[in-house]
Amino acid sequence: MPKDTLTPTLPTAARFADDIVTHLMSSLGKDPDHASDNDWRVALSLTVRDRVVDPWFESTRATYAAAGKRVYYLSLEFLIGRLIEDVTINLGLEKVATKALKRLGKDYDALVVLEADAALGNGGLGRLAACFLDSLSTLGIPAYGYGIRYEHGLFEQHFRDGVQVENAEAWLAQRNVWEFERPEVTYEVGFGGHVDYTEDGAATWHPTDKVIAKAYDTPVVGWQAKWVNTLRLWSALPVVNFDLDAFNRGDHLGASAPESFARTLSRVLYPDDTTDQGKELRLKQEYFFVAASLRDLLRRFQSEGYEIETLADHVAIQMNDTHPALAGPELIRLLVDEHGVAFDAAIDLARECLGYTNHTLLPEALERWSEGLVKHLLPRHYAIICLLNLRSLEATGTPILEHGEVKMGELSFVMAHRVNGVSALHTELVKELVFHDLHAAYPDRIVNQTNGVTPRRWLLSTNAPLSTLITKTIGDDWVADLEQLTALEPHVDNAAFLRNFDKAKRANKVALSNWLRDHHGAAIDPDAMFDIQIKRIHEYKRQLLNILETIALWNDMRDTPTATWTPRVKIFGGKAAPGYAMAKSVIRLINDVAATVNTDPVTRDWLQVVFPENYNVSMAERLIPAADLSEQISTAGKEASGTGNMKLSLNGALTIGTLDGANVEIRDHVGAENFYLFGLTAEQVRARRTQPDYARAAIEASPRLKRVLGQIADGVFSGGENRYGDILGMLWDHDYFLVTPDFADYFETQRQIDVDYRDRKDWTRKAALNTARMGWFSSDRTIAGYASDIWGAKSMLTN
Ligand SMILES: *Cc1c(COP(=O)(O)O)cnc(C)c1O
């Protein structure tokens, strides 16, 4: 595909302004004199969107013409955030749009923040899916993302007296300008009922409950719009909209019952990234989107006239974690029952199409469903799973059915031709711990694809000061080829470059300080070190370790106020699952400590704790460019990869971290001297857990820690009330996540950081080296790896 056929020529600002006004009037029906800023934002978005359509159609036509392979990325989560800047930047329109709006008396930056943040995901897993879509388009690989169009994304978090409260999120309350409704693309999805078997092994399933899946398409624009893929999200509708008989009988509520049953399926995202199993609705959601997606991709495949036996030459399906694991049995069912493929051939064909990405080592996060529930909801699939179970037992001795449950990890493994972990360490632990026996039977199946992040969103768009400096220094090829950042390395010994690097960081810190002042009432000094921990609140991520260290530091400052202290702002961001009591206690403790510490006249110039509520992608985009220090302090062996660690280091933050997940590879890339390592290794963690009373021993060995725990017990941060018995009991008794054994090393490492930060020039040099050496962590590299090692998919771009 010659590249200029897809690159739209840029309009003038005058023309663009006219188009915005036209949209305002004819698409929104608004008089420019009376339009709100939000109306202008929608008109701007529609004007930008107009320029997506041509390259989108071109990409689709080129894909049909080439008759190649399409990638289907199945994910229950897509944590997209706002799209307007992403699309505008990828189209190269940001200057034109800014100028055009200025002519109209409007400010681009003020309008774009009015778009709702699409939070159709919990955290890293969902954000990875969004970064992957961006990279698939930038690399020009024909692909669809498939998921659910949740009416309510991840809850909105508020703090009431320091306690997390959750409110329903309503991103669709405003018009979603990026999606195209496809009323003609619908599939019936069934549940329950019975199965009639025929003698040749095929069957007919007669489900009793049915819903309709309706498609909504969002174009996903790659860098410079050379390629545009599609994110297709399914919304659930009733088969019969309305029970007219019931209505006529006077039962007005009952008349709407079918509608509310169906709509429940796409109503809410489950707000937990680790433990939602066992809930019937969740299993229904999983089958709902898998069934619609597979029917859709088979329809597309058949429309091209191929023989079913060639399916794997044209279709690669990736299961993002086990949530889409029913794709295995569902594809077998469709092949056997509807396409007449023999059972064994169907298993092999399905496996050739399917890949599975494992995202977790936490045992509670590995999905299991009760056999009874699966049998009741999906009787045909249950029969297929029973057969797969027998085959697996024969071939490897590993069951898929155990203790009355279907193990979705094992099911995914046996139905995938490749299983991948998401960092080098994680992949080794997956081989050793999660799938030990299956790995022994299929030693070539597990491969590694270390996660990455898209540089378009996480550097170019979110960090204008730094990306401008980079482009001035080495040109702009880095945007689509991030390893070009190594060309910055020679410049880190150039004083002028370092000054400019520092200036960019300071500009971002000033912007963040202003935003925190205006929106969260926090008064912080942009010259202090910005020490940032942003991610879901979870025990394994150890926000608790961070806040305990904060208290210990506060104590030291108060003990010796005459010493030299490096001013620090500790910034936290993250949500706890609504049912996760310990994580919610940690949130409250952080807020309590903030309230005490921030007003202390002795320390307030040196130490501030800030926890803005409702962390999401948009907030991440504000925080990350301003970070000096990135907290990646999970218990070693628990964080599969992390991607927040990559975003922060790429933006010139130094990391304090354990040897966990992708931290290991980040440290290898940026250099051990530019990374603050502390804590037990994964192996030491496992050994330590076998020692009796290791937590008590660690507390007794650290007077600082013991004092901190005593203060919490005494209610120093909670008005004399003993509010944190749960946390203290956990720490003294078992401390499964080893906060106490890692405390002393963490504290000492932080004090070294205090000293190092005062040497501003050397710190900036290290920060710049982080940016220069993080190019490998582009999701473009990850996707290129999936394409070659798992999918056998090719780029459609010639250059
Ligand atoms: C990147 C990202 C995450 C993942 O962060 P980790 O530190 O890897 O857990 C979670 N939430 C949002 C909004 C993100 O942008």
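Heads up: the structure comes first, above all this text.
A brief report on the enclosed structure follows.

The rules we used
Residues numbered from 1 in each chain as written. Predicted model: local features only at pLDDT ≥ 70, side-chain atom pairs only at ≥ 80, totals over all residues. Heavy atoms only, no water. Pairing = 2+ DSSP bridges. Helix = DSSP H or I, 4+ residues; strand = E, 2+ residues; numbered from the N terminus. Buried < 20%, exposed > 50% of the residue type's maximum accessible area, 1.4 Å probe, protein only. Right-handed = clockwise from strand over helix to strand, strands pointing away. Core = buried A, V, L, I, M, F, W, Y, C linked by side-chain atoms within 4.5 Å. Contact = heavy atoms within 4.5 Å. Axes fitted to C-alpha atoms, helices over the stretch in contact; angles between N-to-C directions. Parallel < 35°, antiparallel > 145°, perpendicular 65-115°, else oblique. Left-handed = near helix turned anticlockwise from the far one by under 90°. Nonpolar A, V, L, I, M, F, W, Y, C, P; charged D, E, K, R; others polar. Near = heavy atom within 4 Å. Polar contact = N/O pair within 3.5 Å; in protein donor to acceptor, adjacent residues only side chain to side chain. Areas by Shrake-Rupley, 256 points an atom, 1.4 Å probe, with all protein chains shown as cover. Salt bridge = Lys/Arg side-chain N within 4 Å of Asp/Glu carboxyl O.

1. Quick notes on the sheet that holds strand E14 (residues 368-370)
Spatially, 3 strands are ordered E14-E16-E15 in an open sheet, and the strand pairing comes out antiparallel. Since the sheet does not close on itself, it has two edges, and those belong to E14 and strand E15 (401-402), each with one partner. Two elements, E14 and strand E16 (residues 405-407), share 3 bridges in a ladder whose sense is antiparallel. What sits directly across from arginine 368, in E16, is lysine 407.

2. Some remarks on the pairing of strand E23 (residues 654-657)
By the alternation rule, side chains of E23 split into Leu654 and Ile656 and Thr655 and Gly657, which are all buried. Bridge count for strand E22 (residues 629-632) against E23 is 4 bridges, and the pairing is parallel. Along E23, the bridge assignment pairs glutamate 631 with isoleucine 656. On the question of chirality, the crossover connecting E22 to the parallel E23 by way of helix H24 (residues 644-650) is right-handed. Looking at chain direction, E23 and strand E24 (residues 676-677) are connected through 2 bridges and run parallel. Its bridge partner being in E24, isoleucine 656 is matched across the sheet by tyrosine 676. At this point the chain moves from E23, through helix H25 (residues 663-670), to the parallel E24, and the crossover so formed is right-handed.

3. Overview of the nonpolar core
By size, the foremost hydrophobic cluster in this structure holds 252 residues, and its most contacted members are Trp234, Phe288, Ile317, Ile332, Leu548 and Trp791. Of all the elements, helix H9 (residues 280-303) adds the most residues to this core, at 11 residues. Apart from residues lying up to four places away in sequence, isoleucine 332 is in contact with Phe343, Ala346, Ile347, Ala350, Ile384, Leu388 and Met415.

4. Examining the packing of helix H21 (residues 543-559) against helix H22 (residues 581-597)
Two elements in contact, H21 and H22, have axes whose closest approach is 10 Å; the angle formed by their N-to-C orientations is 20°. One finds that H21 runs roughly parallel with respect to H22. Pair H21 / H22 crosses with left-handed handedness. The segment H21 lies against H22, with Gln543, Leu544, Ile547, Ile551 and Trp554 engaging Val586, Leu589, Ile590, Val593, Thr596 and Val597. Residue composition of the contact of H21 with H22, by class: 9 nonpolar, 2 polar and no charged.

5. What about the site of the ligand?
Of all residues adjacent to the ligand, which total 15 residues, the nearest are Lys535, Lys541, Thr643, Gly644 and Lys647. For the ligand, an oxygen atom lies 2.8 Å from a polar atom in the backbone of threonine 643. In the environment of the ligand, an oxygen atom lies 3.0 Å from a nitrogen or oxygen atom belonging to the backbone of glycine 644. Alone, the ligand offers 390 Å² of accessible surface; in the complex the protein occludes 96% of this. Elements supplying a minimum of two residues to the shell around the ligand: helix H6 (124-138), helix H23 (617-623) and H24. Tallied by class, the residues present in the shell around the ligand amount to 5 nonpolar, 6 polar and 4 charged.

6. Observations concerning the sheet that holds E22
One open sheet accounts for 6 strands, arranged E21-E20-E19-E22-E23-E24; its pairing is parallel. Either end of the sheet is taken by a strand with one partner, and the two such strands are strand E21 (607-610) and E24. Note: strand E19 (residues 529-534) against strand E20 (residues 568-573), 6 bridges, orientation parallel. The residue of E20 that forms the bridge with aspartate 531 is lysine 570. Contacts from H21 reach E19, E20, E21 and E22, with the element oriented near 155° to E20.

7. Looking at the side chain of aspartate 754
In this fold, aspartate 754 is placed in helix H30 (residues 739-758). When near neighbours in sequence (up to four residues on either side) are disregarded, aspartate 754 contacts Met529, Leu553, Thr566 and Arg568.

8. Let's talk about the pattern of salt bridges
Scanning the entire structure with this criterion turns up 56 salt bridges. Lysine 407 serves as the salt-bridge partner of glutamate 402, at 2.8 Å between the closest nitrogen and oxygen. Judged by relative accessible area, which is 26%, glutamate 402 ranks as partly exposed. A relative accessible area of 8% places lysine 407 in the buried class.

9. Examining the environment of valine 586
Its place among the elements puts valine 586 in helix H22. On a C-alpha basis, the gap between valine 586 and leucine 298 in space is 47 Å, while along the polypeptide they are 288 residues apart. Other than its neighbours up to four places away in sequence, valine 586 contacts Ile537, Gln543, Leu544 and Ile727.

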